[in-house]
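Structural features, examined
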Amino acid sequence: MADKREKFGGRLAVILAMAGSAIGLGNIWRFPYMVGEHGGAAFVFVYIFATLLISLPVFLAEVMIGRRSHTNSRDAFARLSRQHPFWKAAGYLTILIPTLIACYYSVIGGWSVEYFIKSCGLAFVQMEPDEASGFFGAFVSSTWTPVIMHLLFLGVTVAVVAGGVKSGIEKFSKISLPVLFVLIIMILTYSVSLPGAGDGVRYLLHPDWSELTPRTFAYAMGQSFYSLSLGMGAIITYGSYVSKKENILATSTGTAVSDLMFAILAGFAIMPAVFAAGIEPGAGPGLIFQSIPYVFSKMGTTLPVVSSVVAILFFLAIIVAAMTSIISLVEVGVSFLVERAGMSRGRACLVLFLICGSFGVLCSLSFGPLAEMKVAGMTVFDLFDWVCSNILLLLMALLAVIFVGWVLPRRVVHDEFTNGGRLPFNERLFPVVYFLIKWVAPIAVVIIFFTNFML
Ligand code: PHE
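The paragraphs below set out a description of the structure included in this document.

About the thresholds
Residues numbered from 1 in each chain as written. Predicted model: local features only at pLDDT ≥ 70, side-chain atom pairs only at ≥ 80, totals over all residues. Heavy atoms only, no water. Helix = DSSP H or I, 4+ residues; strand = E, 2+ residues; numbered from the N terminus. Buried < 20%, exposed > 50% of the residue type's maximum accessible area, 1.4 Å probe, protein only. Contact = heavy atoms within 4.5 Å. Areas by Shrake-Rupley, 256 points an atom, 1.4 Å probe, with all protein chains shown as cover. Lys, Arg positive; Asp, Glu negative; His and termini not counted. Charge placed at Lys NZ, Arg CZ, Asp CG, Glu CD. Near = heavy atom within 4 Å. Polar contact = N/O pair within 3.5 Å; in protein donor to acceptor, adjacent residues only side chain to side chain. Nonpolar A, V, L, I, M, F, W, Y, C, P; charged D, E, K, R; others polar. Salt bridge = Lys/Arg side-chain N within 4 Å of Asp/Glu carboxyl O. Axes fitted to C-alpha atoms, helices over the stretch in contact; angles between N-to-C directions. Parallel < 35°, antiparallel > 145°, perpendicular 65-115°, else oblique. Left-handed = near helix turned anticlockwise from the far one by under 90°. Phe/Tyr/Trp six-rings, centres within 6.5 Å; stacked < 30°, edge-to-face > 60°. Core = buried A, V, L, I, M, F, W, Y, C linked by side-chain atoms within 4.5 Å.

A separate point is the overall build of the protein chain. Within the protein chain one finds 19 helices and zero strands. Considering only C-alpha atoms, the protein chain reaches an extent of 60 × 50 × 45 Å along its principal axes. For the protein chain, the residues scored as buried account for 62% of the 455 residues in total. In the protein chain, the proportion of contacts linking residues at least 24 apart, taken out of those at least 6 apart, comes to 83%. As presented, the protein chain carries roughly 16,600 Å² of accessible surface, and 69% of it is formed by carbon and sulfur atoms. Between the centroid of the 29 positive side chains of the protein chain and the centroid of its 24 negative side chains there is a distance of 15 Å.

What follows is the structure in structure tokens.
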């Protein structure tokens, strides 16, 4: 039965699928506004450091749990701990978190759909630059369109998931990532040439260390986990589709580095435009939706055709990148419902659509009609994002490293990391990686976790 689980076909397919999960709105939409809200270059430096030193070991830990257990993320902990009640319970978190994230992730996916449709009607190219950046405010605060777009985006997502892992996810990632990469570079090139863009570049390169607060660390870590899809079962689930012959150090590092690169490129594509347009870098979730249309509008004055085409392709690529990520969120819940509750794939997809669709509507409305409804000073959207990225992801990532560092026998971890001693380079690196997983990552995550409550 277990052998019938689908597998990714080869190393490139693994990296692409994992990178497809990792690279998404987290890099293009969330990273730039987090940088803007939390101190510019100082945040970027902490982020890079956190990704390589802490997130990468956590990533490895999650892939190991997935590949070793060869099952969905809820059962993975249970199976590897021989049904220990604590780990059985912990497994449920890995189902809850991605489902919660999918609720608000698809709202942003919906925004991208709206922007794509607008670009097809050549809207931004024809608007005045300020009008193009101001479009966002009116759009998100309206009631119906964002909700409809959210449901549309989510609907297509679950339809792809219903198609199965291999045919749906792999194919999608293979096309979208290279396209997105090329488009980001194009936008970056144009954006840094805008008058006033230099301030944006400086903002990303020259750290003001006085901006470095415990908060910077906490949010950089949360962002790094979020961006690598850690702490929620997505990588555990994907890990379970990785073949035993694969070198997980190579695939994990490949994924982490490409994710990092994408975030940085997105930062350089967006921040200069933000400064050129005179938008406040700390403007929050709308940052790219305000700055990028400004770029297209400006570009439209001299290069109308190029601008129109790039705008359309750009939002399409964002939609696809967002979709390859949210697919991995929904896949966690689906594989659980299919394997545990014995549901058919189609029915499991429908259940997730109903749950994420309804909560997502609340998140969407929190930019408009429900803007005044606040819990602990946060709107529903902010609350979902904060609880997931700054609390639950950290908690789950902590459990994953504790599990690999302290619960699994060292021999098993070694076996997974070196493919039974067959990978000499991994063999040499093992003590370092094991130390990072066993000590460094858990301690760092605990400190940051508590920092979050004290802020
Ligand atoms: N990592 C994805 C991104 O950066 C988001 C995501 C989060 C995907 C969690 C899966 C799980 O957009």
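Turning to the site of the ligand, a few remarks are in order. Around the ligand, 14 residues are found, and the nearest of them are A22, G26, Y105, Y226 and M232. Within the backbone of A22, an N or O atom sits 2.7 Å from an oxygen atom of the ligand. In this structure, S229 approaches the ligand through a side-chain N or O atom, which is 3.0 Å from a nitrogen atom. The fraction of the free accessible surface of the ligand (310 Å²) that becomes covered by protein chains is 100%. Elements that contribute at least two residues to the shell around the ligand include exactly helix 1 (11-22), helix 2 (25-37), helix 11 (214-227) and helix 15 (304-340). Looking at side-chain class alone, the shell around the ligand contains six nonpolar, eight polar and no charged residues.

This part is about the environment of L329. You can see L329 is positioned in helix 15. Judged by relative accessible area, L329 falls into the buried class, the value being 6%. Taking the C-alpha atoms as reference points, L329 and E246, 83 residues apart in sequence, are found 23 Å from one another. Apart from the residues lying within four places of it in its own chain, the contact partners of L329 are P98, I101, A102, Y105 and M232.

Turning to the pattern of salt bridges, a few remarks are in order. Per the counting criterion, the structure on display carries ten salt bridges. The salt bridge partner of E416 is K244, with a shortest N-O separation of 3.7 Å. With E416 in helix 18 (residues 410-418) and K244 in the loop between helix 12 (234-239) and helix 13 (248-276), this residue pair connects regions lying 172 residues apart in the sequence. Judged by relative accessible area, which is 46%, K244 ranks as partly exposed. Through salt bridges that share partners, R67, R68, K244, D415 and E416 make up one connected network.

Residues of helix 18 that are buried: V412, V413, E416, F417 and T418. Phi turns positive one or two residues past the end of helix 18, at N419, with a value near 50°.

Attention now moves to helix 4 (residues 73-80). Along helix 4, seven of the eight residues are buried, which leaves the element largely enclosed by surrounding structure. All buried positions along helix 4 are accounted for by S73, R74, D75, A76, F77, A78 and L80. Tucked inside the fold, the buried residues of helix 4 contact helix 3 (41-69), helix 5 (85-120), helix 12, helix 15 and helix 17 (380-407). One or two positions beyond helix 4, positive phi appears at R82, with a value near 55°.

The next point concerns the packing of helix 2 against helix 3. Put simply, helix 2 and helix 3 touch, their axes get as near as 7 Å, and they point 125° apart. Of the possible angle classes, the one that applies to helix 2 and helix 3 is oblique. Every pair of crossing elements has a handedness; the one defined by helix 2 and helix 3 is right-handed. Residues F31, M34 and V35 of helix 2 form the contact with helix 3, whose participating residues are F43, V44 and Y47.

In the structure shown here, the tally under the stated rule is 38 aromatic pairs. With 5.3 Å between their ring centres and 75° between their planes, Y104 and F381 make a pair best called edge-to-face. Note that Y104 is positioned in helix 5 and F381 in helix 17, a separation of 277 residues in sequence. F381 matches Y104 in its accessibility class, with the two residues each being buried.

Looking now at the nonpolar core. Grouped together as the largest cluster of nonpolar side chains are 164 residues, with contacts concentrated most on W29, I101, F225 and F314. It is helix 15 that contributes the most residues to this core, 18 residues altogether.

Moving on: the side chain of D385. If you trace the backbone, D385 turns up in helix 17. For D385, the residues in contact, after removing those within four places along its chain, are R30, Y33, Y104, Y226 and N390.

Before going further, it helps to spend a moment on the side chain of S191. Structurally, S191 is set in helix 9 (residues 165-192). The exposure class of S191 is buried, given its relative accessible area of 0%. Sequence-distant contacts of S191, defined by excluding residues within four places in its chain, comprise A197, F268, A269, P272 and A273.

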